[in-house]
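Coordinates in review
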Amino acid sequence: MAPDSQKLSTRKQQSHSAFALLALKWGVSRLFDFNIAGPPLREIARSCGPAHATGCDALLNLISTGQDLEMEMKHELGRLELTSTGFGILTILLRQDPLLVRVSDLGEALQLSAPATSTALARLEVARLIHRGRTPENRRNVTVGLTNKGCELIESALTRFEAKINRLMGSLKPSEVQTLLRACNHLQSARTDPTDSE
């Protein structure tokens, strides 16, 4: 493999590992505050034996790292004067081709109510990051698209986030990155296993 291709492959693995970690954290820590629940959970795990204690420590450390990374990203969004919802909307719009999405589809994708979606879009429109219109075939359908300013902003934000991920994951060896990615994938599969009745 050529040096540049190898570097790109390594960065992709690092990004995938970090996003897997974030997905794992997001999927479990929305239920309750692990900063509060962590200490008693560790005590219970230690009372159940070394394997329980090690597993609990590893997972809680993963979640904590994901929370730290998420806080860094939220701080960056604040600098860009973007809310998490606004960031989600711009990211969805950036991935569309053509760059037009129905308002109802946006709300569904982000699991937002119609009023919340409308409020978020109004803020982005005032900031001239999006534009709204109607489809020619059905004037009742309101569509949303990125302005040039909005496109530049979300691309800049994503580039900054990737740099943060690369800095974090760059502290690991390539073999460690692959191990982490496999571990996160296994944990994700275990978490969504329909046979787990507990």
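The structure under discussion appears in the preceding block.
What counts and what doesn't
Residues numbered from 1 in each chain as written. Predicted model: local features only at pLDDT ≥ 70, side-chain atom pairs only at ≥ 80, totals over all residues. Heavy atoms only, no water. Helix = DSSP H or I, 4+ residues; strand = E, 2+ residues; numbered from the N terminus. Expected span 1.5 Å × (residues − 1). Buried < 20%, exposed > 50% of the residue type's maximum accessible area, 1.4 Å probe, protein only. Disulfide = S-S within 2.5 Å. Contact = heavy atoms within 4.5 Å. Salt bridge = Lys/Arg side-chain N within 4 Å of Asp/Glu carboxyl O. Core = buried A, V, L, I, M, F, W, Y, C linked by side-chain atoms within 4.5 Å.

Considerations on helix α3 (residues 50-79)
- For α3, built from 30 residues, the straight-helix expectation of 44 Å at 1.5 Å per residue is met to within 8% by its first-to-last C-alpha distance of 44 Å.
- Taken together, the buried positions of α3 are occupied by Ala53, Cys56, Leu60, Leu62, Ile63, Gly66, Gln67, Leu69, Glu70, Met73, Glu76 and Leu77.

Examining the state of the cysteines
- The full count for this structure, using the stated rule, is zero disulfides.
- Not engaged in a disulfide, the cysteine Cys48 finds its nearest cysteine sulfur in Cys56; these two sulfurs lie 9.5 Å apart.
- Residue Cys56 is classed as buried on the basis of its relative accessible area, which comes to 17%.

What to know about the environment of Ile89
- Mapped onto the elements, Ile89 comes out in helix α4 (residues 84-94).
- Judged by relative accessible area, Ile89 falls into the buried class, the value being 0%.
- Distance in space between the C-alpha atoms of Ile89 and Ala120 is 8.5 Å, their sequence separation being 31 residues.
- Ignoring sequence-local partners within four residues, the contact set of Ile89 consists of Leu106, Leu110, Ala120, Leu121 and Leu124.

Focus: unusual backbone geometry
- With phi around 55°, Gln111 is a residue other than glycine that occupies positive phi space.
- Within the fold, Gln111 resides in the loop between α5 (103-110) and α6 (114-126).
- With phi around 60°, Arg128 is a residue other than glycine that occupies positive phi space.
- Mapped onto the elements of the fold, Arg128 is located in the loop between α6 and β2 (130-135).

Focus: the pattern of salt bridges
- A full pass over the atoms with the stated rule returns six salt bridges.
- Among the salt bridges present, the one from Glu76 reaches Arg79, with a minimum N-O distance of 2.7 Å. In this pair, Glu76 and Arg79 both sit in helix α3, three residues apart, roughly one turn of the helix.
- Arg160 serves as the salt-bridge partner of Glu76, at 3.1 Å between the closest nitrogen and oxygen. With a gap of 84 residues between them, Glu76 in helix α3 and Arg160 in helix α7 (residues 148-169) connect regions that are remote in the sequence.
- Since its relative accessible area comes to 37%, Arg160 is described here as partly exposed.
- One network of salt bridges, with partners in common, ties together Glu72, Lys164 and Arg167.

So, the nonpolar core
- Leu82, Ile89, Leu90, Leu93, Leu106, Leu124 and Ile130 are the most contacted members of the largest nonpolar core, which totals 29 residues.
- When residues of this core are traced back to their parent elements, those giving at least two are α3, α4, α6, β3 (138-146), α7 and α8 (174-191).
- A total of six residues in this core trace back to one element, the largest contributor, which is α7.
- Those residues in contact with Leu90 that sit more than four places away from it in its chain are Leu82, Leu124, Leu129, Ile130, Leu146, Leu153 and Ile154.
- One finds Ala45, Cys56, Leu60 and Ile63 within the second-largest nonpolar core, a separate group that totals five residues.

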